[in-house]
Amino acid sequence: MTYSYLQSSTYGKDNVKFLKVIKDSKDNKNHEIMECNVQVLLTGQLETSYTEANNKVIVPTDTVKNTILILAKKNNIETTEKFAALLALHFTNKYNHITGATVKIIQQKWNKYHQHSFIHGGAEEKIVELFYKQENPLEYKLVTSLKGLTVLKSTNSMFYDYNVCDYTTLQPTKDRILSTDILMKIEFDSSKLGSLEDISKGSKNLTFDSIFDSSKATTLTIFKEENSASVQATMYNMATKILQDNELVKFVTYELPNKHYILFNLEWFDGEKNENELFYPASDPNGLIKCTVGRN
Ligand SMILES: O=c1[nH]c(=O)c2[nH]c(=O)[nH]c2[nH]1
């Protein structure tokens, strides 16, 4: 009997960054770019590397880094979903004792304004996460997220009729600022999407792009059009519409900070009225509202 046991483990490389220039032909300077930050973590018969100092089973994290770069160079990686599938299949197929991979790819937003010139899209990112186990190849989990898109509406947001008790100071309002940094996660239904092999060949690239674009558009459309009753109600409506429009989506998750803008009281200045015109941007604290919505 030994004193301890390995309860769980995984390892790999994080923050493997690259910029890929995609050229449609050698002489033509019409380019596309992808700037990515990749994390690959592996699982399998690796226990003895922890418990018996057996390095024989360790595929070095340096090799993991090299593999990410070589696969990025040698393959068409039009979507990060496809690239994640390629990576997960590579590691689990190449090494007998590696039976699982978790891949996370953060892609920066670059907007093309000319054939080979681009404007950075700020904090906005697309994040793909793939959780794959060789023993259940069709039950992988694939989640594509939109992160860091900051929005604000200057009217058509309300918050009233909430729980009131002896701790309440908040005043009800039918007209306030609503602002958030959008984190939207789309979990695909792997039973409808098909095998990772298919995804790794690029057959679902158009599907991934169109679902991501339409989910982002729905988020922005409902944000601007709805007279919001609360962050909770608005995010639920967004998620429901995304599920209605996209059969291949299983769950939609939002994590939205409620970034408060507080009306300045200017009454002290000769009764100056402030009709939702001048606000104080409160950096903290902020509300934080999360929900995951599935299909009935
Ligand atoms: O949309 C909102 N949801 C809340 O839960 C909440 N709480 C709060 O103080 N303001 C708001 N606004």
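Note: the structure precedes this text.
Residue indices begin from 1 for each chain and proceed along its sequence in written order. With the structure being a predicted model, the display of local features is reserved for residues of pLDDT at least 70 and the display and counting of side-chain atom pairs for 80 or more, all residues being used for whole-chain, interface and lining totals. Side-chain measures were taken over the full set of non-hydrogen atoms in the model, leaving aside hydrogen atoms and water.

Trainee: Explain a positive patch on the surface to me, using residue names and the numbers behind them.
Mentor: A contiguous patch of positive charge on the surface is contributed by Lys23, Lys26, Lys73 and Lys74. Here Lys73 shows up in helix α2 (residues 61-74). The exposed category is assigned to Lys73, whose relative accessible area is 63%. Like-charged residues are merged into a patch within 9 Å and nonpolar side chains (Val, Leu, Ile, Met, Phe, Trp, Tyr) within 5 Å, provided each residue has over 30% relative accessible area and no salt bridge. Reported accessibility uses the Shrake-Rupley method at a 1.4 Å probe radius. Residues are deemed covered only where the shown protein chains occlude them. Salt-bridge detection follows one rule: a side-chain nitrogen of Lys or Arg within 4 Å of a carboxyl oxygen of Asp or Glu. Asp and Glu count as negative and Lys and Arg as positive, but His and the ends of the chain are not part of the count. Think of each charge as sitting on NZ of Lys, CZ of Arg, CG of Asp or CD of Glu. Only DSSP runs of H or I with at least four residues qualify as helices, and only runs of E with at least two residues qualify as strands; both kinds are numbered from the N terminus onward. Classification of residues uses two cut-offs on accessible area relative to the type maximum, computed with a 1.4 Å probe and protein chains only: under 20% is buried, over 50% is exposed, and between them is partly exposed.

Trainee: Give a description of the pattern of salt bridges that names residues and reports values.
Mentor: Charged atoms that come close allow side chains of opposite charge to pair. What the rule picks out here adds up to 14 salt bridges. Note that Asp189 is salt-bridged to Lys192, the shortest N-O span being 3.7 Å. We classify Asp189 as buried; its relative accessible area is 12%. Residue Lys192 is classed as partly exposed on the basis of its relative accessible area, which comes to 39%. What emerges from the salt-bridge pattern is a single network uniting Asp189, Lys192, Glu247 and Arg295.

Trainee: Could you give me a rundown of unusual backbone geometry, with the residues and numbers involved?
Mentor: The step from Asp284 to Pro285 runs through a cis peptide bond, and the omega angle for that step is -10 degrees. Secondary-structure assignment places Pro285 in the loop between β9 (279-281) and β10 (287-294). Look at Asp270: it is not a glycine, yet its phi comes out positive at around 55 degrees. Structurally, Asp270 can be placed in the loop between β8 (261-263) and β9. Given the relative accessible area of 77%, Asp270 is considered exposed.

Trainee: Quick one: what's the story with the site of the ligand, residue by residue and with numbers?
Mentor: Taken together, Phe159, Leu170, Arg176, Ser230, Val231, Gln232, Asn258 and Ile289 make up all the residues around the ligand. The definition of a polar contact used here is a pair of N or O atoms within 3.5 Å, where within protein one atom must be able to donate a hydrogen and the other to accept one, and adjacent residues in sequence count solely through side-chain atom pairs. One of the side-chain N or O atoms of Gln232 is found 2.8 Å from a nitrogen atom in the ligand. When isolated, the ligand has an accessible area of 290 Å², and the protein chains bury 73% of it. A breakdown of the residues in the shell around the ligand according to their chemical character gives four nonpolar, three polar and one charged. If even one non-hydrogen atom of a residue comes within 4 Å of a molecule or strand, that residue is called near it. Put simply, Ala, Val, Leu, Ile, Met, Phe, Trp, Tyr, Cys and Pro go in the nonpolar bin, Asp, Glu, Lys and Arg in the charged bin, and everything else, Gly too, in the polar bin.

Trainee: A description of the packing of α2 against helix α3 (residues 80-94) should follow, citing residues and the corresponding values.
Mentor: Where α2 contacts α3, the axes come no closer than 11 Å and their chain directions differ by 130 degrees. Judged on the interaxial angle alone, α3 and α2 are oblique. Seen along the crossing, α2 lies across α3 with a hand that is right-handed. Every residue of α3 that contacts α2 at Val64, Thr67, Ile68, Leu71 and Ala72 is listed here: Phe83, Leu86, Leu87, His90 and Phe91. To get an axis, a line is fitted to the C-alpha atoms, and for a helix only the part in contact is used. The angle between two axes follows their N-to-C directions and goes from 0 to 180 degrees. An angle counts as roughly parallel when it lies under 35 degrees, as roughly antiparallel when it exceeds 145, as roughly perpendicular when it falls between 65 and 115, and as oblique in every other case. Crossings are sorted by hand: turned counterclockwise from the far helix by less than a right angle, the near helix makes the crossing left-handed, and turned clockwise it makes it right-handed. Contacts between residues were defined by any pair of non-hydrogen atoms, one from each residue, lying within 4.5 Å.

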